[in-house]
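# Structural overview
What follows is the residue order along each chain.
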Amino acid sequence: LFKAHYRLGVVYEEMDDPQNALQKYTDALNRNPRFFEAYRDLGAVYADYHFLSQAEQVYAEGIKALQGRGEELAVLHHRKGAVLADKKEYEAAVKEFRQALEIKPGMEDAMFSLGWSYSYTNPENAKIWLEKFVQSASQKTRPDYLAAAQARLAEIQNGTPYM
């Protein structure tokens, strides 16, 4: 039944009914507390509506519940880092992005996010990670991320303030 609740959450989200989507994702997790997709999507709904503390909590709970689950765990660390970056808690965000990259070293989103977060705290590390992201870009790389990384690298090179 946990998958049925999850799928109803997806439907409610598509119908732009976040309240019921949140409830159904929560119901799915109550029935299966190790269900990755429900953590991922529940946290995303909270984050989309700027309930960042709740999103952070969901991802933290998912990380605990999914220990040892590889790529799924990397995704939750990345998403938790993104929420922390939105809260302007860049040092905490950096730790989450590094965790994601320890689990999945080639994770492009985490490389980009790590470099971007470092740009607010440590420009030298930002340059390293943004260059690594740009160099690893492929056909699948989001063009907007690539353009943003290149622009931020130019700002770092020119010493232009962006903090």
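### As for the packing of helix 3 (residues 36-48) against helix 4 (residues 52-65)
The contact between helix 3 and helix 4 brings their axes to 7 Å, and the two run at 165 degrees. Taken together, the axes of helix 3 and helix 4 are roughly antiparallel relative to one another. For the crossing formed where helix 3 meets helix 4, the hand is left-handed. Each of Tyr39, Arg40, Leu42, Gly43, Ala44, Tyr46 and Ala47 in helix 3 lies in contact with helix 4, whose residues at this interface are Leu52, Gln54, Ala55, Val58, Tyr59, Glu61, Gly62 and Ala65.

### Focus: the layout of surface pockets
By volume, the largest pocket is sized at about 540 Å³. Forming the boundary of the largest pocket are 23 residues, of which His78, Arg79, Ala82, Ser113 and Tyr145 lie nearest the centre. Of all elements in the fold, only helix 3, helix 5 (71-86), helix 6 (90-103) and helix 7 (108-118) reach the threshold of two or more residues within the lining of the largest pocket. If one sorts the elements of the lining of the largest pocket by residue count, helix 5 sits on top with 8 residues. Looking at the lining of the largest pocket residue by residue, the class counts come to 14 nonpolar, 3 polar and 6 charged.

### Some thoughts on the packing of aromatic side chains
Per the counting criterion, the structure on display carries 8 aromatic pairs. Note on Phe2 and Phe35: the rings are 4.9 Å apart at their centroids and 75 degrees apart in plane angle, and the pair reads as edge-to-face. Here the residue Phe2 occupies a position in helix 1 (residues 2-14), and Phe35 occupies one in the loop between helix 2 (18-31) and helix 3, the gap between them amounting to 33 residues. Accessibility expressed as a relative area gives 23% for Phe2, which makes it partly exposed.

### A closer look at the pattern of salt bridges
The final tally for this structure, using the stated rule, is 9 salt bridges. Lys80 is paired through a salt bridge with Glu96; the nearest N and O atoms lie 3.4 Å apart. Residue Lys80 is located in helix 5, and its partner Glu96 is located in helix 6; the two are separated by 16 residues in the primary sequence. Taking the relative accessible area as the measure of exposure, Glu96 reaches 11% and is therefore buried. Residues Glu89 and Lys87 are paired through a salt bridge, measuring 3.8 Å at the closest nitrogen-oxygen approach. Three or more residues are tied together by salt bridges with common partners; here these are Glu56, Lys87 and Glu89.

### Regarding the environment of Trp116
Among the structural elements, Trp116 can be located in helix 7. With 68 residues separating them along the chain, Trp116 and Asp48 place their C-alpha atoms 20 Å apart. In this structure Trp116 touches Leu130, Ala148 and Arg152, once residues within four positions along its chain are discounted.

### Let's talk about unusual backbone geometry
Negative phi values dominate among residues other than glycine, just as trans dominates among peptide bonds. Even without being glycine, His50 reaches a positive phi, approximately 65 degrees. Positionally, His50 belongs in the loop between helix 3 and helix 4. The phi dihedral of Lys88 is positive, around 65 degrees, even though this residue is not glycine. Note on placement: Lys88 falls in the loop between helix 5 and helix 6. For Lys88, a relative accessible area of 60% puts it in the exposed group.

### Thoughts on helix 9 (residues 143-158)
The α-helix advances 3.6 residues per turn, and as a result positions three or four apart in sequence lie on the same side. With 16 residues, helix 9 extends 22 Å from end C-alpha to end C-alpha; this agrees with the ideal 22 Å at 1.5 Å per step. Of the positions making up helix 9, those classed as buried are Tyr145, Ala149, Arg152, Leu153 and Ile156. All buried residues of helix 9 lie within an arc of 105 degrees about the axis, which places them on one face of the element. Away from its buried face by more than 90 degrees, helix 9 exposes Pro143, Gln157 and Asn158. Where the residues of helix 9 are buried, they touch helix 7 and helix 8 (123-135).

What counts as what
- Residues numbered from 1 in each chain as written.
- Predicted model: local features only at pLDDT ≥ 70, side-chain atom pairs only at ≥ 80, totals over all residues.
- Heavy atoms only, no water.
- Axes fitted to C-alpha atoms, helices over the stretch in contact; angles between N-to-C directions.
- Helix = DSSP H or I, 4+ residues; strand = E, 2+ residues; numbered from the N terminus.
- Parallel < 35°, antiparallel > 145°, perpendicular 65-115°, else oblique.
- Left-handed = near helix turned anticlockwise from the far one by under 90°.
- Contact = heavy atoms within 4.5 Å.
- 1 Å grid on protein atoms, 1.4 Å probe; cavity = no way out; pocket = protein on both sides within 12 Å on 5 of 7 lines; lining within 4 Å.
- Points joined across faces, edges and corners; volume = space filled by probe spheres on them.
- Nonpolar A, V, L, I, M, F, W, Y, C, P; charged D, E, K, R; others polar.
- Phe/Tyr/Trp six-rings, centres within 6.5 Å; stacked < 30°, edge-to-face > 60°.
- Buried < 20%, exposed > 50% of the residue type's maximum accessible area, 1.4 Å probe, protein only.
- Salt bridge = Lys/Arg side-chain N within 4 Å of Asp/Glu carboxyl O.
- Expected span 1.5 Å × (residues − 1).
- Arc of directions from axis to C-beta.

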